[in-house]
Amino acid sequence: MDEIFYLNSVWTMIAAILVIFMIGGFILLEAGSTRMKNAGHITGKTIFTVGLTFLVFWAVGYGFIFGGNANFFVGMTDFFYSGTESGESGLSDTVFFVFQSAFAAIAVCIALGGFAERAKFPVYVVFTILFSAVIYPVVAHWIWGGGWLAGHEKQDFAGSTVVHLTGAMAALAATILLKPRIGKFNKDGSSNNIAGHNQVYTSLAVLILWVGWFGFNAGSTTSVDGAFFGFVALNTNLAAAMGAVAALAISWVVLGKSDIVTTLNGALAGLVAITASCAFVEPWAAVIIGLVAGLLVFFSVKFFDKMKIDDPIFALSVHGAAGIWGTLSTGFFATPELAEQVTGQAGLFYGGGFSQLGVQALGVVTSGLYAFVASFVILFVMKKVMNGLRVSEEEEVMGLDMSEHGSYGYPEEFMSSEKQTKLTS
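Residues numbered from 1 in each chain as written. Predicted model: local features only at pLDDT ≥ 70, side-chain atom pairs only at ≥ 80, totals over all residues. Heavy atoms only, no water.

1. Some details on helix 3 (residues 93-112)
The following threshold applies: Helix numbers and strand numbers start at the N terminus; a helix is a DSSP run of H or I with at least 4 residues, a strand a run of E with at least 2. Expected span of a helix: the number of residues minus one, times 1.5 Å. Note on classification: 1.4 Å probe, protein chains only; a residue is buried when its accessible area is under 20% of the maximum for its type, exposed when over 50%, partly exposed between these limits.
Spanning 20 residues, helix 3 covers 29 Å between terminal C-alpha atoms, matching the ideal 28 Å at 1.5 Å per step. Of all 20 residues making up helix 3, 17 are buried, and the element is well covered by its neighbours.

As structure tokens, this is what we get:
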């Protein structure tokens, strides 16, 4: 094993740690975007479900994605991964395993955002296992594991489709079956803003996710060769920056004020969109991709609100709509030189015609449809078998901290309020 092998392994391990640290960003994002009475529940279930995902990925997920003897859906070897080194690839096999397990965990975090503030805790447990075993690995195998979309040379460098769209489609199925939170929509169809309890949390979450995304995108090079990871990081940073600026601008124009939540969503949308194309496009195109993502996320939130779909952490807009745009963007902006270096063909604006754009669209439709239908069927069966997915109205009003776990995420705040109530009654 030469020096490059060890350098590639060290770089990819650092990237894996950055991606796993992004889970902290998701904890703060979801907790800050929801109400105080559910904060402890959200933080605890995230740690638990991520741990569960890692175990499922070790047992079957990795094998389904990258195993040999594959059928149309999954690979059929390498279950209960042993951790042995083959020495055949350009980096440590075990490091690559850890890196890929982090992506599976992020997809779960996105999917479970659609359950926020109203799902029973056992529902999280069962769905995490099934999503990690039979939904995420199928899409990942199709695109990253040598499946049929890989055969068509679909361009998805770090997972706008594999991770973000897959998670968002699962979240969509959950929001439809769980129905909106109490008080979200009025009888006349108008909606109420159920504000998150801590905007500092959500802002810090975006910063953590932004930093972690360098592991997500640049780390997906899994190599130090030519320092190509620096180019990928540059595109990632530019798209995130432009997404934030564009989202702020459109909110200012439409609402008359610069909306902080929209700005935060714009940064994340830019990151999600550039995830597929970060290795295929020039920096100026990364700015355009971020610009479109920032505008798109604003109008997407309005659209889902109008459709009476309650999406507490904006997973459908940030990860779904921006994930679709990011996947399609390579079909427009991929350069011949970069496509030849990675995979696929040049985009429409570089003389490649509609060929790559067609492949990208095919990947979006098939992967998104599979993730949604499979998630909907699983959740529908769970709803029948588990006597419903949602907590009772009384438990929802009380908050999931107390009803599901018997303790408060903010004990001093709630216990002091209860004490004051007793003293004045």
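2. Let's talk about the side chain of His41
Rule in force here: Any two residues whose heavy atoms approach within 4.5 Å at even a single point are treated as in contact.
Along the chain, His41 turns up in helix 2 (residues 39-66). Other than its neighbours up to four places away in sequence, His41 contacts Ala119, Phe121, Tyr124, Leu400, Asp401, Glu404 and His405.

3. Structural notes on the UniProt feature "domain: Ammonium transporter AmtB-like" (unreviewed entry) in the protein
Condition: UniProt positions are given in the numbering used here, feature names are shortened, and annotations may be inferred rather than shown by experiment.
Following the UniProt record, the feature "domain: Ammonium transporter AmtB-like" (unreviewed entry) maps to residues 10-410 here. With 68% helix and 0% strand, the stretch residues 10-410 has end C-alpha atoms that lie 39 Å from each other.

4. Some remarks on the pattern of salt bridges
Spelled out, the test is: By convention in these notes, a salt bridge is any Lys or Arg side-chain nitrogen within 4 Å of a carboxyl oxygen on Asp or Glu.
Applying the stated criterion to the full structure yields 6 salt bridges. Note that Arg181 is salt-bridged to Glu117, the shortest N-O span being 2.4 Å. Of this pair, Arg181 sits in the loop between helix 6 (160-178) and helix 7 (199-216) while Glu117 is found in the loop between helix 3 and helix 4 (121-143), placing the two residues 64 residues apart along the sequence. Across the pair Lys184 and Asp305 runs a salt bridge, and its minimum N-O distance is 3.6 Å. One end of the pair, Lys184, is in the loop between helix 6 and helix 7; the other, Asp305, is in helix 10 (residues 283-306), and 121 residues separate them in sequence. Through salt bridges with shared partners, one network takes in Arg35, Glu117, Arg181 and Asp310.

5. Quick word on a nonpolar patch on the surface
What counts is decided by this rule: Residues enter patches when they are more than 30% accessible in relative terms and free of salt bridges; like-charged ones are connected within 9 Å and nonpolar ones (Val, Leu, Ile, Met, Phe, Trp, Tyr) within 5 Å. What sets the accessible areas is the Shrake-Rupley method with a 1.4 Å probe; for residues, cover comes only from the shown protein chains.
On the surface, Leu369, Val373, Val377, Phe380, Val381 and Val385 cluster together into a nonpolar patch covering about 540 Å² of accessible area. You can see Leu369 is positioned in helix 13 (residues 355-385).

6. Some remarks on the nonpolar core
Nonpolar side chains in soluble globular proteins tend to be buried together. Rule in force here: Among buried residues, those of type Ala, Val, Leu, Ile, Met, Phe, Trp, Tyr and Cys that are joined through side-chain atoms within 4.5 Å constitute a nonpolar core.
Core analysis: the largest hydrophobic core is formed by 106 residues, its most contacted members being Phe115, Phe127 and Tyr136. A total of 13 residues in this core trace back to one element, the largest contributor, which is helix 3. The residues contacting Tyr136, other than those within four sequence positions of it, are Ile65, Phe103, Ala104, Ala107, Phe131, Trp144, Val162, Val163 and Thr166.

7. Some remarks on the side chain of Asn235
Examined against the element boundaries, Asn235 turns out to sit in helix 8 (residues 228-255). Under the relative-accessibility criterion, Asn235 is labelled buried at 0%. Not counting residues up to four positions away in its chain, the partners in contact with Asn235 are Ile274, Cys278, Val281, Glu282, Pro283 and Ala286.

8. Topic: the packing of helix 2 against helix 3
This is how the line gets drawn: Lines are fitted to the C-alpha atoms to define the axes, a helix being fitted only along its stretch in contact, and any angle between axes, read from their N-to-C directions, falls within 0 to 180 degrees. For classification purposes, angles smaller than 35 degrees are called roughly parallel, those larger than 145 roughly antiparallel, those between 65 and 115 roughly perpendicular, and all remaining angles oblique. Left-handed is the label given to a crossing in which the near helix is rotated counterclockwise from the far helix by less than a right angle, and right-handed is the label when the rotation is clockwise. Three categories are distinguished: nonpolar for Ala, Val, Leu, Ile, Met, Phe, Trp, Tyr, Cys and Pro, charged for Asp, Glu, Lys and Arg, and polar for the others, with Gly belonging to the last.
Relative orientation of the contacting elements helix 2 and helix 3 amounts to 125 degrees, with a least axis distance of 8 Å. If you check the angle between helix 2 and helix 3, you find them oblique. As helix 2 packs across helix 3, the resulting crossing turns out to be right-handed. Residues Lys45, Thr46, Thr49, Val50, Thr53, Phe54, Phe57, Trp58, Tyr62 and Phe66 of helix 2 lie in contact with helix 3, whose contacting residues are Phe96, Phe97, Gln100, Ser101, Ala102, Ala104, Ala105, Val108, Cys109 and Leu112. Of the residues assigned to the contact of helix 2 with helix 3, the class counts are 14 nonpolar, 5 polar and 1 charged.

9. A look at the packing of aromatic side chains
Aromatic ring pairs are described here by two measures, namely the spacing of the ring centres and the angle between the planes. Here is the rule: The rule is short: rings of Phe, Tyr and Trp, with Trp giving its six-membered ring, pair when the centres are within 6.5 Å, and they are stacked under 30 degrees, edge-to-face over 60, tilted in between. A ring is scored as having a charge over it whenever the NZ atom of a lysine or the CZ atom of an arginine sits within 6 Å of its centre and within 35 degrees of its normal.
Under the definition given, this model contains 37 aromatic pairs. With a centroid separation of 5.4 Å and 70 degrees between ring planes, the pair formed by Phe303 and Phe304 is classed as edge-to-face. Given a relative accessible area of 47%, Phe303 falls into the partly exposed group. Judged by its relative accessible area of 15%, Phe304 is buried. Seen from their ring centres, Phe333 and Phe349 are 5.3 Å apart, and the 70 degrees between their planes marks the pair as edge-to-face. With Phe333 in helix 11 (residues 315-333) and Phe349 in the loop between helix 12 (336-341) and helix 13, this pair connects stretches of sequence that are 16 residues apart. Taken together, the ring pairs connect Phe57, Tyr62, Phe66, Tyr81, Phe96 and Phe97 into an aromatic cluster. Sitting over the face of the ring of Phe185, Lys184 holds its NZ or CZ atom 5.9 Å from the ring centroid.

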